[in-house]
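As a plain string of letters, each chain reads:
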Protein chains: 2
Amino acid sequence: MNLEQVRALAAIVDTGSFELAARSLHLTPSAVSQRVRALESSVGQVVVRRTHPCTATPAGAVLVRLARQVELLEEESRDLLGITRAEPLALRVAVNADSLDTWLIGLLDAASTWPDVRLRFEVADEDHTLALLRAGQVGAAITTESEPVPGCRTFPLGVMRYLPVASADLAARFTGPDGVVDWAGIPGLRYDDRDDLQEHFLAARGSEAETPASQIPSAAGLRAALRAGLGWVLVPERTVEDELAAGLLVTLSDDVVDVTLHWHVWKVPSHRLDRLNEAIARAARDGLGPLPGGARGM
Amino acid sequence: MNLEQVRALAAIVDTGSFELAARSLHLTPSAVSQRVRALESSVGQVVVRRTHPCTATPAGAVLVRLARQVELLEEESRDLLGITRAEPLALRVAVNADSLDTWLIGLLDAASTWPDVRLRFEVADEDHTLALLRAGQVGAAITTESEPVPGCRTFPLGVMRYLPVASADLAARFTGPDGVVDWAGIPGLRYDDRDDLQEHFLAARGSEAETPASQIPSAAGLRAALRAGLGWVLVPERTVEDELAAGLLVTLSDDVVDVTLHWHVWKVPSHRLDRLNEAIARAARDGLGPLPGGARGM
DNA sequence: CGCTGTTACGATATGCGTAATCATT
DNA sequence: AATGATTACGCATATCGTAACAGCG
């Protein structure tokens, strides 16, 4: 198996097209096409879907992961040999939007001092982060599932607590004299159409959850809408602590939603990954709630 | 960094010479020499000592490990793609002689059913197994130290118990009427010149251990010499259970030497390594004593 | 019809083998 | 001297680029 050809495949999946891949490899599109052709004939399977953007087939995903892991090993060796490359290595990490908006910010401070890596966060739904990891597209992922992934190490990060909040006046408008919220009537907000957390919350409260919630796929936008009284939303506790204390926002219920987050990462020996693991664990310790079933470190 | 060149280096270290490496790569010695030359000029360091046999320099060791780990990843990908190569992959493991003679035999039964790997045991002194692992020469090692190796995973295996034994008549000859053994007088046996276990045992008993022990670097030979009454020796308990029960051999003291063994293995995602880890853990569970400080699984 | 991937074909250059040379024992 | 690594050199072939072609939106 020719690893240069595998690299070409990875570049295509990275850039999304043969043309951009050729540019990044300092080659012509023709050469890239020929490399992929040779690779496909050697493995006997189609490795890339010629779509826009180009995507890896299941067979291609295996090879993409191979390319990335070899790249990591190679950089590790280069470090040990004292050969420093000009460009830092890209570490792709799949995360959910809420994490990136909240506790992962603590990681960025640490990461800013790493000269040899460039973090590439792929924001995805919690379910989809695992798919990206399986596909070899990312080297690590934050998930809600602790189900292990082949070739990966897993450790629990902590609990992210969501509170049902709304602006004080909106809450007052939809709260009865008995202090019970009219869940079916109060307008909802949500980040994107994959946000099933809120639907579960509503379903558990008898509301059939067909409430057409406003959709604002921006953390800042969502908070602004929240403050403006456009609707209620389940948000990470940390993001609204100040507003709650100031009385601008109120919780609609004492119930909370606790989501346990897990870290999955390639089992490849790399000090870059080790350092990332440590920093992630630290950021989680600082920014997430403790684990439910007794403390277990990494 | 050209991985074909790195492969050539690994082949040289494997075979011990440029010529044999060329044969194994289906090339001429000239081509191998040129590859190494190109590699050395690209990393700016000498990677192999032109001795007999050829050995890797520190820089070369880094690259050899890279080659082996990439090979493992590549095979893993090939498995996932359903491409089975003709020749199984060589997994190199550094072990101490005693383990290979005793509890590791249980592993061989399991390993015989693996069509895709060929185990290559490198027998070495316990201290040297770690060196082989660090050098990238082997992918896993059994050691007496739990000190972690960068890029490796470690778990404890269990305790190997050594008994001081001798033939019944030799024991009788060097045991006083008070039942105390004349450690300074009784002749000793040992496997090889690295066997410091016995010297420690003697030193702890006041004997200054300059006893010129007979040296028999063969497990079968050592046991034959033991039965023949040539000397006493510290041997793994399991190897002499039957003879002790039959009264052919006797223990010279109730004191035992317990050595805790540890497993170190590359942190590379490979189902071959995972399977090996499991089998090792199982063999250790069956063939070694339980861990001293409370049971902790892998 | 423009965009992007593929193919045909000529050009080049990487890298091999042959054979002579050098070093080491 | 013999063994094994290196080097000089010519050559083959893999691989690239150019340019024409094809599929698709």
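Residues numbered from 1 in each chain as written. Chains lettered and ligands numbered in written order. Predicted model: local features only at pLDDT ≥ 70, side-chain atom pairs only at ≥ 80, totals over all residues. Heavy atoms only, no water.

(A) Spotlight on the interface of chain B and chain A. Counting residues at the interface gives 24 residues for chain B, matched by 25 residues for chain A. Taken over both partners, the interface formed by chain B and chain A buries close to 2300 Å², and the fraction arising from carbon and sulfur atoms is 69%. Per-residue buried area on chain B facing chain A is highest for M1, L81 and K267 of chain B; these three make up 27% of the total on that side. Counting every contact that joins chain B to chain A gives 2 salt bridges. At the junction of chain B and chain A, the tally comes to 4 residue pairs in polar contact (both at pLDDT 80 or more). Every element with two or more residues in the side of chain B that touches chain A is listed here: α1 (3-15) and α4 (58-80) of chain B. Counted by class, the side of chain B that touches chain A contains 14 nonpolar, 4 polar and 6 charged residues. (Contact = heavy atoms within 4.5 Å. Buried area = accessible area lost by both parts, 1.4 Å probe. Salt bridge = Lys/Arg side-chain N within 4 Å of Asp/Glu carboxyl O. Polar contact = N/O pair within 3.5 Å; in protein donor to acceptor, adjacent residues only side chain to side chain. Helix = DSSP H or I, 4+ residues; strand = E, 2+ residues; numbered from the N terminus. Nonpolar A, V, L, I, M, F, W, Y, C, P; charged D, E, K, R; others polar.)

(B) A look at helix α2 (residues 18-25) of chain B. All names here are of chain B. Looking at α2, one finds that the buried residues are F18, A21 and A22. Down the axis of α2, the buried set is contained in an arc of 105°. They therefore lie on one face. For α2, the exposed residues lying more than 90 degrees away from the buried face are E19 and R23. Against α1, α3 (29-43) and β1 (48-49) lie the buried residues of α2. One or two steps after α2, the chain reaches H26, where phi turns positive at roughly 60°. (Buried < 20%, exposed > 50% of the residue type's maximum accessible area, 1.4 Å probe, protein only. Arc of directions from axis to C-beta.)

(C) Looking closely at the protein's contact with DNA strand D. In the neighbourhood of DNA strand D, 15 residues make up the surrounding shell, with T28 and R35 of chain A together with F18, S33 and R50 of chain B lying closest. The share of sugar and phosphate among atoms of DNA strand D within 4 Å of the protein is 70%. Within the side chain of Q34 of chain A, one N or O atom sits 3.3 Å away from a base oxygen of DNA strand D. Here R35 of chain A contributes a side-chain N or O atom positioned 2.6 Å from a phosphate oxygen of DNA strand D. Residue assignment for the surface near DNA strand D shows that the elements contributing at least two residues are α3 (29-43) of chain A together with α2 and α3 of chain B. No other element matches the 4 residues that α3 of chain A contributes to the surface near DNA strand D. Of the residues belonging to the surface near DNA strand D, the class tally is 3 nonpolar, 8 polar and 4 charged. (Near = heavy atom within 4 Å.)

(D) Seen up close, the pattern of salt bridges. Evaluated as defined, the whole model comprises 36 salt bridges over all chains. Put simply, E4, R7, E74, E75, R78, D79, R85, D116, R272 and R275 of chain B are held in one network by salt bridges that share partners.

(E) Region of interest: the packing of aromatic side chains. Residue and element names in this part refer to chain A. Inspection of every chain in the model, using the stated rule, returns 6 aromatic pairs over all chains. Arranged with centres 5.8 Å apart and planes meeting at 45°, the rings of F201 and W232 form a pair that is tilted. In this pair, F201 is assigned in helix α9 (residues 196-203) and W232 in the loop between α10 (219-228) and β9 (233-236), connecting sequence segments 31 residues apart. Accessibility assignment for this pair places F201 and W232 in one class, buried. By the ring-pair criterion, three or more aromatic residues cluster together here, those being W183, F201 and W232. Sitting over the ring of F201, R205 keeps its end group 3.7 Å from the ring centre. (Phe/Tyr/Trp six-rings, centres within 6.5 Å; stacked < 30°, edge-to-face > 60°. Lys NZ or Arg CZ within 6 Å of the ring centre and 35° of its normal.)

(F) Seen up close, the packing of α4 of chain B against helix α12 (residues 271-287) of chain B. Residues and elements named next belong to chain B. It is the contact of α4 with α12, at a shortest axis distance of 9 Å, that shows an interaxial angle of 100°. The angle between α4 and α12 falls in the class roughly perpendicular. Contacts from L72, E75, E76 and D79 in α4 reach H271, R272 and L273 in α12. Residues of the contact of α4 with α12, tallied by class, amount to 2 nonpolar, 1 polar and 4 charged. (Axes fitted to C-alpha atoms, helices over the stretch in contact; angles between N-to-C directions. Parallel < 35°, antiparallel > 145°, perpendicular 65-115°, else oblique.)

(G) Structural view of the environment of F174 of chain A. All names here are of chain A. By secondary structure assignment, the location of F174 is in the loop between α8 (168-173) and β7 (189-190). Residues F174 and L288, spaced 114 residues apart in sequence, show a C-alpha to C-alpha distance of 31 Å. Ignoring any residue separated from it by four or fewer positions in sequence, one finds F174 in contact with V180, V181, D182, G185, I186 and P187.

(H) Quick look at the side chain of S99 of chain A. Tracing the backbone through its elements, the reader meets S99 of chain A in helix α5 (residues 97-101). Not counting chain neighbours up to four residues away, the residues in contact with S99 of chain A comprise L104, I142, M160 and L261 of chain A.

(I) Representation of the protein's contact with DNA strand C in the model. The full set close to DNA strand C counts 16 residues, and F18, S33 and R50 of chain A together with T28 and R35 of chain B are the nearest of them. Sugar plus phosphate: this is where 69% of the atoms of DNA strand C within 4 Å of the protein reside. Here a base oxygen of DNA strand C and a side-chain polar atom of S30 of chain A are 3.2 Å apart. Listing elements by their share of the surface near DNA strand C, those giving two or more residues are α2 (18-24) and α3 of chain A together with α3 of chain B. A per-element tally of the surface near DNA strand C places α3 of chain B first, with 4 residues. Across the surface near DNA strand C, the residue classes tally to 4 nonpolar, 8 polar and 4 charged.

(J) Looking closely at the relation of the copies chain B and chain A. Of the transformation superimposing chain B on chain A, the axial component is 0.0 Å and the angular component is 180°, with the fit at an RMSD of 0.1 Å. One copy is carried onto the other by what is essentially a two-fold rotation axis. Taking C-alpha positions as the reference, the residue of chain B nearest the rotation axis is V268 of chain B, at 2.4 Å. Residue by residue, 100% of the interface of chain B is reproduced at the interface of chain A, so both copies engage with the same surface. (Least-squares fit on C-alpha atoms with pLDDT ≥ 70 in both.)

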